[in-house]
Amino acid sequence: AFIADREVDRRADLHLAPLDGSQPPLRLNPPFLLERGIAGERGPGFLFTADGTRIVYRADQVTDLYTLFSVPVDGSAPPTELTFPGTGRDVVEFAVTSTGRVVFTGDLRADNGFELFSAPDDLSAPKVLLSGTFVAGGDVVSAGSGPSLRVEADGAHVVFSADKLVNEHVELFRAALARLPRPTF
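Residues numbered from 1 in each chain as written. Predicted model: local features only at pLDDT ≥ 70, side-chain atom pairs only at ≥ 80, totals over all residues. Heavy atoms only, no water.

## Observations concerning the overall build of the protein chain
The condition that has to hold: Numbering goes from the N terminus for both helices and strands, where a helix is a DSSP run of H or I of at least four residues and a strand is a run of E of at least two. Exposed residues in this analysis have more than 50% of their type's maximum accessible area, buried residues have under 20%, and partly exposed residues fall in between, with area computed by a 1.4 Å probe over protein chains only. Contact between two residues is taken to exist if any of their heavy atoms lie within 4.5 Å; hydrogens are not considered. Here the open area of atoms and residues is found with the Shrake-Rupley method and a 1.4 Å probe, where only the protein chains shown may cover a residue.
Tallying secondary structure elements over the protein chain gives zero helices and 14 strands in all. Helices (α) and strands (β) of the protein chain occur, in sequence order from the N terminus, as β-β-β-β-β-β-β-β-β-β-β-β-β-β. Out of the 185 residues belonging to the protein chain, those deemed buried represent 45%. Look at the contacts in the protein chain between residues 6 or more apart in sequence, and 40% of them connect residues 24 or more apart. Here the protein chain has roughly 9100 Å² of accessible surface; of this, 53% comes from carbon and sulfur atoms.

Encoded structure:
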């Protein structure tokens, strides 16, 4: 998989091609408006799911705000928005777990109030708020220039940085993913 402006200059589309070059690249996203596309803010613009059947990507394909989409790698279905469609909010960072979930940071409930959420990578269950409640003005933030979240290798927990208890005082927190419903394939 790769991101390129193969069809329209300065429009970043998601493509998938076999490594042996036996077939031309397949564009997996619908056509974007000029200068829209797939991008990462604090990480990659796209990731494969653990089972390799889907790609999750961050794009401004509907509005000028970045949201998450999931698309089958074979292009058999159009992309589906993973974050709350139509909310007019941004997703700034995401990770894919080894257990079939996507963990992401977004201001889905209040503008510029970034929280941590999780959803199955195939939309088989509703999204879940992981970060809990915050002090006024607090949200999930990056501690420096690095990411604000890391999923543990076994997919059971996510560690995130936030000024959750005291505004402007960033600390590390850990949220369980293991108790969330596992998607069925």
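## Concerning the sheet that holds strand S1 (residues 2–4)
Note the following rule: Criterion used throughout: strands pair if DSSP finds at least two bridges between them.
Sheet architecture is open: three strands sit in the order S1-S2-S3, paired in antiparallel fashion. For this open sheet the edge positions go to S1 and strand S3 (26–27), each flanked by a neighbour on one side alone. Inspection of the sheet shows S1 paired to strand S2 (residues 13–16) by three bridges, in the antiparallel sense. Of the residues in S2, the one forming a bridge with Ala 4 is Asp 13.

## Here we look at the environment of Leu 14
Counting through the fold element by element, Leu 14 comes out in strand S2. Counting along the chain gives 11 residues from Leu 14 to Ile 3, while the straight-line C-alpha distance between them is 4.7 Å.

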